[in-house]
Each structure stands twice: as C-alpha cells, then as structure tokens.
Amino acid sequence: MEKKKVVKVEEIKKAAEEKRCPVQKAAYYIEEFLKGPMCGRCFPCAFGSYEAGVRLRNIIEGSGKEEDIFALRRITEDMIVASLCKRGKDSAEFVHEWMETDAFKEHVEGRCPDIDCPAFIEYIIIPEKCTMCGLCKEVCKYNAVLGEKKVKYKTGYLPFEVRQKRCVKCGDCIDVCPTGAIIVTESRKKEGVKV
Ligand code: SF4
Ligand code: SF4
Ligand code: SF4
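Residues numbered from 1 in each chain as written. Chains lettered and ligands numbered in written order. Predicted model: local features only at pLDDT ≥ 70, side-chain atom pairs only at ≥ 80, totals over all residues. Heavy atoms only, no water.

All told, the structure shown has five aromatic pairs when counted by the stated rule. A ring pair is formed by tyrosine 29 and tryptophan 98, whose centres lie 6.0 Å apart and whose planes are at 55 degrees; its orientation type is tilted. Highlighted residues: tyrosine 29 in helix H2 (residues 22-35) and tryptophan 98 in helix H5 (residues 86-98), separated in sequence by 69 residues. By the burial criterion, tyrosine 29 is buried, and tryptophan 98 matches it. Connected via pairs of aromatic rings, a cluster forms that spans Tyr29, Phe33, Phe94 and Trp98. (Phe/Tyr/Trp six-rings, centres within 6.5 Å; stacked < 30°, edge-to-face > 60°. Helix = DSSP H or I, 4+ residues; strand = E, 2+ residues; numbered from the N terminus. Buried < 20%, exposed > 50% of the residue type's maximum accessible area, 1.4 Å probe, protein only.)

Here it is, written out as structure tokens:
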C-alpha cells in the first residue's frame, strides 16, 4: 500500500501566508494541520488545535467574541509549552504570530480590515461603470444579480445590482465583468445601512 505523504508544517504556513487576512491565515493553517501533520499522540496539540479551529471559524464567520481571542491565546500558549513535538509547538507559534495584529479584535467588533472574510464584505456594482452587458447575471449560480441586459431602442432599464441576501460571495461575477464595475467592499449591514 502506498504510504500517505505527510505535508510539512512549513509548507502549510507558506500557503497560509498567501491569504490577506491574518485570521484567514490562522484558520487555513489549523485546518490543514488537523488534516495532515497533526498525529493525535498528545492531548495539548490534538485537543488544542481542534479547539483553535472552532474558535477561528467563529471569528471568521462573524460570531466571534472576545472570549474566542482569549481562548486562542490560552490554547496556543499551552501548546507551545506542552506539545510533545516541534510540529505542535511551531503551529502554536505561527498562530501566535498572526494574532499580533489588531485584525482579530477588529473581527469580533464586526469588520475584516483586509476586506477578505465573506461575513464582513459585500459585492456591489458601480452603476456609472456598468455597461449592462449582463455577463454577471449569466454567471451567477445563485440568482443574486438583478438587472436587464441593454438592447437597442429600449429605455427604462432595471439597473444591475447585487442582491445581498442571495449573494454567497463566490467572486464569479467579478471575474467576468469587462469594465471593473463590480467591487468588494465592507459590509454596510454593520453600519446600520439598509441593503
Ligand atoms: S505535538 Fe506532535 S506528537 Fe503531539 S499531536 Fe501534535 S504532531 Fe502529534
Ligand atoms: S459574488 Fe457570486 S453569488 Fe455574489 S453576485 Fe457575484 S456571482 Fe453571484
Ligand atoms: S458584468 Fe459588469 S458591466 Fe456587465 S452587467 Fe455586470 S456589472 Fe455591468
């Protein structure tokens, strides 16, 4: 039987570093660590990394609280001291490093400063840039784009806009828009703006 290749923690860290948001980096890292290098032989690392994953998910998904940040600090400190091997200790150090920014606190206050986490962002269409080509509506699998494609000799178009309640923030529409009319911005819900 072919032996399963164990991914090195440094490789996972390198891939995590490609993300913009430090919370995303930590969450991605822990998720991949749990899938591969984490062998489960010692409790501080096995249980700690599992719990860290849950806490990080809460923060990313917008339900994070101060206590999740405290818990992450406690978990990583315990892992650094008590993990049996370097993989567990290094993993905790990486998360610690990402936690040195204000990004974690800002997430529990309702914003992702890197405009990266789906729970805190919105896709919007800038009307002045939109040529009403309809490509975004065609590509959206979630029926989240409203609007009418422009045809000759017709007036009174329904402008193109993203229905926030339906949008899953997949980014497919941005990829096809020929004029750069779709942008990602901070969610207006947090500021009490009706969308
Ligand atoms: S610290 Fe090392 S031995 Fe302990 S669970 Fe993590 S990877 Fe396994
Ligand atoms: S981000 Fe995805 S779900 Fe949202 S409008 Fe664009 S294509 Fe549709
Ligand atoms: S793809 Fe861009 S230009 Fe075309 S309708 Fe959508 S937002 Fe407007």
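The structure having been displayed, the exposition proceeds.
Right, let's get into the nonpolar core. Formed by 32 residues in total, the largest nonpolar core has its most connected members in Val23, Tyr29, Leu56, Leu72 and Phe104. Contributions of two or more residues to this core are made by helix H1 (9-17), H2, helix H3 (43-60), helix H4 (66-82) and H5. In this structure, Ile121, Ile125, Cys173 and Ile182 belong to the second largest nonpolar core, which totals 16 residues. (Core = buried A, V, L, I, M, F, W, Y, C linked by side-chain atoms within 4.5 Å.)

Bringing the pattern of salt bridges into the picture now. The tally for this structure, following the rule as stated, stands at 15 salt bridges. Of the charged contacts in the structure, one is a salt bridge between lysine 13 and glutamate 17, with a shortest N-O distance of 3.6 Å. On the criterion of helical spacing, the pair formed by lysine 13 and glutamate 17 is a turn pair, its members being four residues apart in helix H1. Overall, the relative accessible area of 32% leaves glutamate 17 in the partly exposed class. The partner of arginine 74 in a salt bridge is glutamate 51, and the shortest N-O contact between them spans 3.4 Å. Linking arginine 74 in helix H4 with glutamate 51 in helix H3, this pair joins segments that are 23 residues apart in sequence. Residue arginine 74 is classed as partly exposed on the basis of its relative accessible area, which comes to 39%. The exposure class of glutamate 51 is buried, given its relative accessible area of 15%. (Salt bridge = Lys/Arg side-chain N within 4 Å of Asp/Glu carboxyl O.)

This next bit is on H3. Residues separated by three or four positions in an α-helix point in the same direction, a consequence of the helix having 3.6 residues per turn. Relative to the 26 Å expected for 18 residues at 1.5 Å per residue, H3 spans 25 Å between its end C-alpha atoms, a close match to the ideal helical length. Positioned one or two residues after H3, glycine 62 has a phi angle of 90 degrees, which is positive. (Expected span 1.5 Å × (residues − 1).)

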